[in-house]
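# Summary of the model geometry
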Amino acid sequence: MNSTNLDPTKDTLVPLLRRMLLIRRVEERLSADFHAGKLPGGVHLYIGQEAVAAGVCAHLRDSDTITSTHRGHGHFLAKGGSPRAMMAEIWGKQEGICRGMGGSMHVADVSKGILGANGIVAAGLAIATGSAFAAKLDKGDRVAVCFFGDGASNQGTFMECLNVSTLWQLPTIFVCENNNFSEFSPTATVTAGAIIDRARAFKIPCTAVDGNDVLAVWRAAGAAVEHARKGGGPSFIEAHTYRLHGHLEAEKSFLKSPYREDREIEEWRQRDPLRRFKDYLTGERICDGGEIDALEAEIAEIVEDAARFAEAGEPADPNLVFDIMFHEQRA
Amino acid sequence: MAKKRYIQAINDALMEEMARDPKIILFGEDVEISMFGDTQGLRARFGADRIRNTPICEATLTGMAVGAAASGYRVVLHMMFSNFIYTGFDAIANQMAKLRLMTGGQMRFPITVLAGYGGGRSSAAQHSDTPYPALMNLGGVNVVVPASPADAKGLLKTVLRADNPTFFLEAGGRGAETAEVPDDDYTIPLGKAAVLREGRDVTIVAIGTMVKHGVAAAAELAGKGIDAELIDVRSLVPFDEDTVLASVRKTGRLVVADEARDRCSAASHICAVVADKGFGSLKAAPKRVTVPNVAMPYAPNAEKNVLPNATKIAEAAAALVNAKAGS
Ligand SMILES: Cc1ncc(C[n+]2csc(CCOP(=O)(O)OP(=O)(O)O)c2C)c(N)n1
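Remember, it's a predicted structure, so these values are computed and weren't measured experimentally.

The number of helices and strands found in chain B is 13 helices and 14 strands. The C-alpha extent of chain B, read off along each of the three principal axes, is 65 × 45 × 40 Å. Buried positions account for 61% of the 327 residues belonging to chain B. Restricting the contact set of chain B to residue pairs at least 6 apart, pairs at least 24 apart contribute 81%. Split by element, the accessible area of chain B, about 12,200 Å² in all, is 52% carbon and sulfur.

Below you can see the structure in the form of structure tokens.
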């Protein structure tokens, strides 16, 4: 019996909320810090999409790997990355998870199986496929998940990775987060047909889910992970969601015209995955308001602590580049 | 003359040339809304046939540029950040740069590839490269690196009217810088460097993003009684050897400022040319001021540490001038 067909218990549900809240509140802080001019580089925020990372990563162990995108904070935190180390990275500090060398678009924690956010659209697909190949060679039950956007699905590498993963029956889990936009282009203006149909051509398990419904994501991902762990090969999930913030926080400073209507953003706010999940938990009497408030308070403290840690950190070591460009060899 | 932003000058050149020549088409990711501003307003003026947003698919876009050009169009391909040139590199290196020769000269490739390059904004290593050394080494593509608004406009017009594939690389983060741009319909030939300042003591050759720092370095050196000659190469392929060699014959000293990584940089090539053809006039070994052979770090202090700047250029030049002959 597939365990994920069962109704999740409170022990499963509360951690899901916790992860979603953590992502949301960390990113709200990053947004504020960015607009206050405190961050050295740009940030692409995941606000509105938290259910996808949380619902998928709930099934993963540290030994499983994920690859992510330029919009990678949510995946990093959902897979168990440290808020302190991530924020310090985004601040460009020595204490950062990549010692200040990578920044927002490149947060990675290999010890947690987070092979990294990535600045090259669709690069993570092949990296995850390679990691899945390694998992298969190891003969264990590790899986590799690649998170990618609807925009990334237009890169040829998507087809190439589906092909190799299917041909070799690799434990690759393709999670396409369709958030309606590819940068500033509405998805339909740059994407023909349904993305899921591209994966269906390979006759692998394909599921479309409401990406703003964390339980729907959690169920679909549970099935895909179990399938991969048992040696069943790759799966594809398309999670339909929406990014509530800009493509990047700075976009209003350089775009001459809007690319979406405020009304549309407002509509999607009504479907905010975090609010929906809270309503579900209280409506089903799984949690009461007091429990959720306590969780909010706990998360607020974690975020405040991480932000302070980041701000107080030491600037990156400028000479590090020469020491770490190669392993045991100076650049 | 009127003061114009660098990015506006590029936009003007595109507007004027697309109005002149209905065979010019332009495509790339989000060129309609225009992130950098260089393609701003083109869609409204020239319509969907000639200006198009594409899906994210660089490997296909570069191949499509080759195919559309081989079929009679004059293609402008916008690659956004220059690092994405790597994503589309196969059709650039194996097709665009080679097919003309391989078809016995049957094909012509009026292709202009636009991309912003360079660091300095904490964009990290995948959005900060200066990739022209790789392009210079292909053989079959031109590489243009305008530093001023007037040059950007005049060079782009030349490129858009020419029949060879050309990378027109925009100095990243410099779009808002303004300078005088002539009002008339002028062009600037490729392969002609500009001498921005005449001097006797040392030649500073600056490339693209480094020109601004070269200007500041020359001013700094003047304060110390060192008279630097400053040359903006403007195009790397073709490259104006004559202007650089003539200058070195006069000064006997050469510093090349280049934002590429040092190994096989454009600066290495220029120093090699001067060592080869100007050896007799050199009073000291040529110096390169470049980025070390590392990936661009994100943290601002670490990034600043590896990027060339006016002080590094001035120090290199002063060291050459102050070095005793033969040491
Ligand atoms: C190879 C490459 N091409 C272009 C870009 C510029 N770019 C960054 S994000 C993006 C859109 C990505 O859309 P999608 O995959 O849907 O992800 P989303 O931003 O919606 O999360 C583009 C075109 C890039 N980073 N890498």
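Let us keep going from here.
All names here are of chain B. What the seven strands build is an open sheet, ordered β3-β2-β4-β5-β7-β6-β12; its pairing is mixed. For this open sheet the edge positions go to β3 (51–53) and β12 (235–237), each flanked by a neighbour on one side alone. For this sheet, the mean angle separating the axes of adjacent strands, direction not counted, is 20°. Here strand β4 (residues 74–81) pairs with strand β5 (residues 111–117) via five bridges, running parallel. Paired with Val75 across the strands is Ile111, a residue of β5. In the packing of helix α1 (residues 6–20) onto the sheet, contacts are made with β2 (24–28), β3, β4, β5 and β7 (166–171), and the angle to β7 comes to roughly 145°.

The next subject is the packing of helix α2 (residues 50–57) of chain A against helix α9 (residues 214–229) of chain A. All names here are of chain A. At a minimum axis separation of 8 Å, α2 and α9 run at an interaxial angle of 35°. Judged by the sense of rotation from one axis to the other, the crossing of α2 with α9 is right-handed. In contact with Ala51, Val52, Ala54, Gly55 and Val56 of α2, α9 contributes Val214, Val217, Trp218 and Ala221. For the contact of α2 with α9, the class distribution of residues is eight nonpolar, one polar and no charged.

What follows is about the packing of aromatic side chains. The relative placement of two aromatic rings is captured by the distance of their centres and the angle of their planes. Scanning the model with the defined rule gives 13 aromatic pairs over all chains in all. Aromatic pair Phe158(A) and Phe236(A): ring centres 6.0 Å apart, planes at 40°, arrangement tilted. Remark: Phe236(A) occurs in strand β7 (residues 235–240) and Phe158(A) occurs in helix α6 (residues 156–167); sequence separation between them is 78 residues. There is no split in this pair, since Phe158(A) and Phe236(A) are both buried. Chaining the aromatic ring pairs together yields one cluster made of Phe181(A), Phe184(A), Tyr242(A), Phe254(A), Tyr259(A) and Trp268(A). In this arrangement the basic side chain of Arg271(A) is found over the ring face of Trp268(A), its NZ or CZ atom lying 3.9 Å from the centre. Against the face of Tyr73(B) rests Lys23(B), its NZ or CZ located 4.2 Å from the ring centre.

A word on the interface of chain B and chain A. With 32 residues of chain B at the interface, the matching set in chain A holds 38 residues. Together chain B and chain A conceal approximately 2,700 Å² of surface at their shared face, both sides included; 61% is due to carbon and sulfur atoms. For the pair chain B and chain A, the number of links is zero salt bridges. Counting the contacts that link chain B with chain A gives 14 residue pairs in polar contact (both at pLDDT 80 or more). Within the residue set of the side of chain B that touches chain A, elements represented by two or more residues are α4 (84–87) and α12 (300–306) of chain B. A total of five residues in the side of chain B that touches chain A trace back to one element, the largest contributor, which is α12(B). Looking at the side of chain B that touches chain A, its residues break down into 18 nonpolar, eleven polar and three charged.

Time to look at empty space enclosed by the protein. If a probe as big as a water molecule is rolled over the atoms, it shows which places are left empty. All names here are of chain B. According to the stated counting rule, one finds two cavities of 30 Å³ or more in the structure shown. Volume-wise, the largest cavity comes out at about 60 Å³. Taken together, Glu29, Asp30, Val31, Ser34, Met35, Phe36, Asp38, Thr39, His78 and Met80 make up the lining of the largest cavity. Each residue belonging to the lining of the largest cavity can be placed in one class, and the counts come to four nonpolar, three polar and three charged. Taken as a whole, the second largest cavity encloses approximately 30 Å³ of empty space. Along its surface, the second largest cavity is lined by Ile24, Arg74, Val75, Val76, Pro110, Ile111, Thr112, Val159, Leu160 and Ala162. Elements with a minimum of two residues in the lining of the second largest cavity: β4, β5 and α8 (149–161). The element best represented in the lining of the second largest cavity is β4, accounting for three residues. Of the residues that constitute the lining of the second largest cavity, the class distribution is eight nonpolar, one polar and one charged.

This paragraph deals with unusual backbone geometry. Excluding glycine, most residues fall at negative phi; most peptide bonds, likewise, are trans. Residue Val237(B) is joined to Pro238(B) through a cis peptide bond whose omega torsion reads -5°. As for its placement among the helices and strands, Pro238(B) is situated in the loop between β12 and α10 (241–251). Positive phi values are uncommon outside glycine, yet Asn180(A) reaches one of about 80°.

Residues and elements named next belong to chain B. The assigned domain composition of chain B is domain 1 (2–181) and domain 2 (194–322). One C-alpha centre belongs to domain 1, the other to domain 2; they are set 26 Å apart. Together domain 1 and domain 2 conceal approximately 2,100 Å² of surface at their shared face, both sides included; 55% is due to carbon and sulfur atoms. Area buried by domain 1 at its contact with domain 2 is led by Ser122, Met136 and Arg174, which between them contribute 24% of it. One can count three salt bridges joining domain 1 with domain 2.

Further remarks concern the site of the ligand. In the neighbourhood of the ligand, 22 residues make up the surrounding shell, with His70(A), Arg71(A), Gly119(A), Gly151(A) and Glu58(B) lying closest. The ligand sits at a junction of chains, with neighbouring residues supplied by chains A and B. One of the backbone N or O atoms of Ala152(A) is found 3.0 Å from an oxygen atom in the ligand. Isolated, the ligand exposes 580 Å² of accessible area, and the fraction of that covered by the protein chains is 96%. Among the secondary structure elements, those contributing two or more residues to the shell around the ligand are β4 (181–182) of chain A together with α4 of chain B. The residue makeup of the shell around the ligand, split by class, is seven nonpolar, ten polar and five charged.

Under the criterion given, the structure shown has 45 salt bridges over all chains. When the shortest N-O distance is used, the salt bridge between Arg29(A) and Asp33(A) registers 3.4 Å. Here the residue Arg29(A) and the residue Asp33(A) both occupy positions in helix α1 (residues 10–35), the gap between them amounting to four residues, near one helical turn. The partner of Asp141(A) in a salt bridge is Arg61(A), and the shortest N-O contact between them spans 2.9 Å. Within this pair, whereas Asp141(A) is found in the loop between α5 (123–138) and β2 (144–149), its partner Arg61(A) is found in the loop between α2 and β1 (65–67), the two being separated by 80 residues in sequence. According to the relative accessible area criterion, Asp141(A) is partly exposed, its value standing at 31%. Classification of Arg61(A) by relative accessible area gives partly exposed; the value is 38%. Residues participating in the shared-partner salt-bridge network are Glu16(B), Glu17(B), Arg20(B), Lys153(B), Lys157(B), Arg161(B) and Asp185(B).

Quick notes on the rules
Residues numbered from 1 in each chain as written. Chains lettered and ligands numbered in written order. Predicted model: local features only at pLDDT ≥ 70, side-chain atom pairs only at ≥ 80, totals over all residues. Heavy atoms only, no water. Helix = DSSP H or I, 4+ residues; strand = E, 2+ residues; numbered from the N terminus. Buried < 20%, exposed > 50% of the residue type's maximum accessible area, 1.4 Å probe, protein only. Contact = heavy atoms within 4.5 Å. Areas by Shrake-Rupley, 256 points an atom, 1.4 Å probe, with all protein chains shown as cover. Pairing = 2+ DSSP bridges. Axes fitted to C-alpha atoms, helices over the stretch in contact; angles between N-to-C directions. Left-handed = near helix turned anticlockwise from the far one by under 90°. Nonpolar A, V, L, I, M, F, W, Y, C, P; charged D, E, K, R; others polar. Phe/Tyr/Trp six-rings, centres within 6.5 Å; stacked < 30°, edge-to-face > 60°. Lys NZ or Arg CZ within 6 Å of the ring centre and 35° of its normal. Buried area = accessible area lost by both parts, 1.4 Å probe. Salt bridge = Lys/Arg side-chain N within 4 Å of Asp/Glu carboxyl O. Polar contact = N/O pair within 3.5 Å; in protein donor to acceptor, adjacent residues only side chain to side chain. 1 Å grid on protein atoms, 1.4 Å probe; cavity = no way out; pocket = protein on both sides within 12 Å on 5 of 7 lines; lining within 4 Å. Points joined across faces, edges and corners; volume = space filled by probe spheres on them. Domains from an automatic or database assignment. Near = heavy atom within 4 Å.

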